[in-house]
Amino acid sequence: MVQHVLVAPDKFKGSLTAAEVAARVSAGLGVPTVELPVADGGDGTVDAAVACGFERITIEATGPTGERVLASYAWQPAGTAVVELAEASGLRRLPGDREPLTATSYGTGELIADAVRRGAKRVVLGLGGSACTDGGAGLAQALGARLLDGDGDDLPRGGAALKELARIDLSGFMNVSGVEFVVASDVDNPLLGPHGAAAVYGPQKGATPDDVRTLEAALARLAAVATATHGLMGAVEHDDVVRAMGVAGAPGAGAAGGVGFAALAFLHAEIRPGIDYLLDLLGFGELVEGARLVITGEGSLDEQSLRGKAPVGVAQAAARAGVPVVAVCGRRTLTDAELKAAGIEAAYALTDLEPDPAVCMAEAGPLLERLATRLAADRRLEGNG
């Protein structure tokens, strides 16, 4: 019986998509392989789903600063849609400088709305790479929510405007009652406070200390109004002391600038660990059966990899199936002991072949094939095992 090698990598950011990594590794191994590009809910999630057989649906949507962009989601005819926030509302969509106070998640809501109109029974929302800190207000607006100030006028888009929020009108909200929403994310931050969306992630999106204070107050206002007017669990007391309670305090509510909050509050979503859920969705359990080795990887194997990133998730899933795991990467900073503790027997880095990181980025494909050939020799993969 021919035993295969399951090649299940994430992307090498800036160099190769997950599908390209899988193809290059397979080409270098020279043995029977099954390719399964993976993602953890961040950038590349739609590409990974498409590479695994989903259809790519592309529409015109609103970018983070209002510009029109072409954005995609992945569609399965059975009724599952995979929506990646970074497609329409990501940092890579910014036309110029970062706009922490006004960037919106509206385009992500447009992708969800299109999937629902198409007949989605389940929408998987991958959060990562967000340009906005708007508490998911834009997403809710795209689905028909009206965010009103004290005069009854619609608020402009963006996080800072939420300071003036007085009422949320959901009378025109899209009917999503028959749709299951799943947020695939490993971020466990609440919406508010020192570990919240503005404080932790705002600076990454260009927010100054003053901007962070503005956004924190705006998100607290959103949570307070939503709690008071829409019967959310718990409460957010708005008395100059922010108490992140209820939905606003839920782990993951602060994901993607607070889009996690909107998904919980308005879509009644369930938050699931990103890589674990997506591996199930992409069929990892079936494909690992009968494998003699799993090869995973990503651009940089470092401390971040240990916090719910794809390679460790793949290693844990493979361990449950009793299959050994090795990794490929552009570079690594993890020790052998750290790798083994994460379930990865060995790691092969492009920098083992080429010390210049710029060359590794530019020549990642050919170098990865050479690395896979070395891996095959080390693991004695020649033949059918």
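Before reading further, recall that the structure is shown in the block above.
Residues numbered from 1 in each chain as written. Predicted model: local features only at pLDDT ≥ 70, side-chain atom pairs only at ≥ 80, totals over all residues. Heavy atoms only, no water.

Chemist: Please clarify how the overall build of the chain should be interpreted in this entry.
Modeler: Scanning the chain from terminus to terminus reveals 14 helices and 13 strands. In terms of overall dimensions, the chain has a C-alpha envelope of 75 × 45 × 35 Å along the principal axes. Counting only residues that meet the buried cut, the chain has 57% of its 385 residues in that class. Contacts in the chain between residues far apart in sequence, at least 24 positions, make up 70% of those at least 6 positions apart. Entry remark: accessible area of the chain is about 15,400 Å², with carbon and sulfur atoms responsible for 49%. Considering the chain, the positive charge centre built from 32 side chains and the negative charge centre built from 49 side chains are found 2 Å apart. (Helix = DSSP H or I, 4+ residues; strand = E, 2+ residues; numbered from the N terminus. Buried < 20%, exposed > 50% of the residue type's maximum accessible area, 1.4 Å probe, protein only. Contact = heavy atoms within 4.5 Å. Areas by Shrake-Rupley, 256 points an atom, 1.4 Å probe, with all protein chains shown as cover. Lys, Arg positive; Asp, Glu negative; His and termini not counted. Charge placed at Lys NZ, Arg CZ, Asp CG, Glu CD.)

Chemist: When you look at the pattern of salt bridges in this model, what are you seeing that I'm missing?
Modeler: Any two side chains of opposite charge can pair if their charged atoms end up close together. Counting across every chain of the model gives 16 salt bridges. With its nearest N and O atoms 2.7 Å apart, the salt bridge here joins Asp47 to Arg56. Accessibility expressed as a relative area gives 33% for Asp47, which makes it partly exposed. In this structure Arg56 comes out as partly exposed when scored by relative accessible area, which is 37%. Note that Arg331 is salt-bridged to Asp302, the shortest N-O span being 4.0 Å. Pair noted here: Arg331 is in strand 12 (residues 325-332) and Asp302 is in the loop between strand 11 (293-301) and helix 11 (310-320), with a separation of 29 residues, a long-range link. Taking relative accessible area as the criterion, Arg331 reaches 43% and is therefore assigned partly exposed. Relative accessible area serves as the criterion here: at 17%, Asp302 is assigned to the buried category. Through salt bridges that share partners, Glu60, Arg68 and Glu110 make up one connected network. (Salt bridge = Lys/Arg side-chain N within 4 Å of Asp/Glu carboxyl O.)

Chemist: What am I meant to see in the sheet that holds strand 6 (residues 122-126) here?
Modeler: To summarise the sheet geometry, strands pair through backbone hydrogen bonds and adopt either a parallel or an antiparallel arrangement. The six strands are arranged 3-4-5-6-9-10 in an open sheet whose pairing can be described as mixed. At either margin of the open sheet sits one strand with a lone partner, and together these are strand 3 (55-62) and strand 10 (270-272). Strand-to-strand, the axes of this sheet are offset by a mean angle of 30°, without reference to chain direction. Taken together, the five bridges between strand 5 (residues 80-84) and strand 6 define a ladder with parallel strand orientation. The residue bridging Glu84 from the neighbouring strand is Gly126, located in strand 6. Against the sheet, helix 9 (residues 274-282) contacts strand 5, strand 6, strand 9 (180-184) and strand 10, and its axis sits at roughly 140° relative to strand 6. (Pairing = 2+ DSSP bridges. Axes fitted to C-alpha atoms, helices over the stretch in contact; angles between N-to-C directions.)

These figures come from the coordinates and say nothing about function on their own.
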